[in-house]
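# Examination of the molecular architecture
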Amino acid sequence: MESTSIKIISKGGLTGETVNQLTNELSKYTFKVMLKYQGTTTIANSSLGVMSLGVPEGAEIQLSVDGTADQLKEVVQTLIDNKFATTV
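Okay, so let's go over this structure.

### Looking at the overall build of the chain
Looking only at helices and strands, the chain features three helices and five strands. For the chain, the succession of helices and strands along the chain, N to C, is β-α-β-β-α-β-α-β. A globule of 88 residues ought to have a C-alpha radius of gyration of about 12 Å, and the chain, at 11 Å, matches this closely. Dimensions of the chain, computed from C-alpha atoms along their principal axes, come out at roughly 30 × 25 × 25 Å. Relative to its full complement of 88 residues, the chain shows a buried share of 39%. In the chain, of all internal contacts separated by at least 6 residues, the share reaching a separation of at least 24 is 69%. Here the chain contributes 7 positively and 9 negatively charged side chains, and the mean placements of these two sets differ by 5 Å.

### Quick look at the pattern of salt bridges
Evaluation of the coordinates by the stated rule reveals one salt bridge. A salt bridge links Lys28 to Glu25, with the shortest nitrogen-to-oxygen separation between them at 3.3 Å. For Lys28, a relative accessible area of 60% corresponds to the exposed category. Looking at Glu25, the relative accessible area reads 21%, which means it is partly exposed.

### As for helix H1 (residues 16–26)
Burial in H1 covers these residues: Thr18, Val19, Leu22, Thr23 and Leu26. Burial along H1 is one-sided: seen end-on, the buried residues are contained in an arc of 125 degrees. Residues of H1 that are exposed and point more than 90 degrees away from the buried face comprise Glu17 and Asn24. On its buried side, H1 packs onto strand E2 (33–37), helix H2 (47–53) and helix H3 (69–81).

### A short note on the sheet that holds E2
Taking strand neighbours across the sheet as the criterion, the five strands line up as E3-E2-E4-E1-E5 in an open arrangement whose pairing is antiparallel. The open sheet has two edge strands, strand E3 (40–43) and strand E5 (85–87), and neither has a second partner. The average angle at which neighbouring strand axes cross in this sheet is 35 degrees, direction not considered. Both E2 and E3 contribute to a ladder of four bridges, which runs antiparallel. Bridging from a neighbouring strand, Tyr37 pairs with Thr40 of E3.

### A word on H3
The end-to-end C-alpha distance of H3, which contains 13 residues, comes to 18 Å, matching closely the 18 Å that a straight helix rising 1.5 Å per residue would cover. Looking at H3, one finds that the buried residues are Leu72, Val75, Val76, Thr78 and Leu79. Buried residues of H3, viewed axially, fall in a sector of 155 degrees; they line one side. Structural note: H3 exposes Asp70, Lys73 and Asp81 on the side pointing more than 90 degrees away from its buried face. In this fold, the buried residues of H3 make contact with strand E1 (2–8), H1, E2, strand E4 (60–65) and E5. Two residues or fewer past H3, Lys83 is found with a positive phi of approximately 60 degrees.

Conventions used here
Residues numbered from 1 in each chain as written. Predicted model: local features only at pLDDT ≥ 70, side-chain atom pairs only at ≥ 80, totals over all residues. Heavy atoms only, no water. Helix = DSSP H or I, 4+ residues; strand = E, 2+ residues; numbered from the N terminus. Rg over C-alpha atoms; globule rule 2.2 N^0.38 Å. Buried < 20%, exposed > 50% of the residue type's maximum accessible area, 1.4 Å probe, protein only. Contact = heavy atoms within 4.5 Å. Lys, Arg positive; Asp, Glu negative; His and termini not counted. Charge placed at Lys NZ, Arg CZ, Asp CG, Glu CD. Salt bridge = Lys/Arg side-chain N within 4 Å of Asp/Glu carboxyl O. Arc of directions from axis to C-beta. Pairing = 2+ DSSP bridges. Axes fitted to C-alpha atoms, helices over the stretch in contact; angles between N-to-C directions. Expected span 1.5 Å × (residues − 1).

Interpretation in functional terms is not warranted from these geometric data alone.
Written out as structure tokens, the structure is:
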């Protein structure tokens, strides 16, 4: 498993429509993508799971993939391209 820290830049954090957009983007991957915030981990393609994290704008979270470093880089780039997050 590969992981890195990212900073959430979505206005309002990971709530509502932002979560739907995020989970739609991340569900395109065939490997498992996980998000961890304040000790709680969830599968990133689960809208309810991501919303339950309560991640505010500006928060630093852990992003993990059950795959390679290249797959992790691909996911991070997707989050940056869609203005959900930035690297730390």
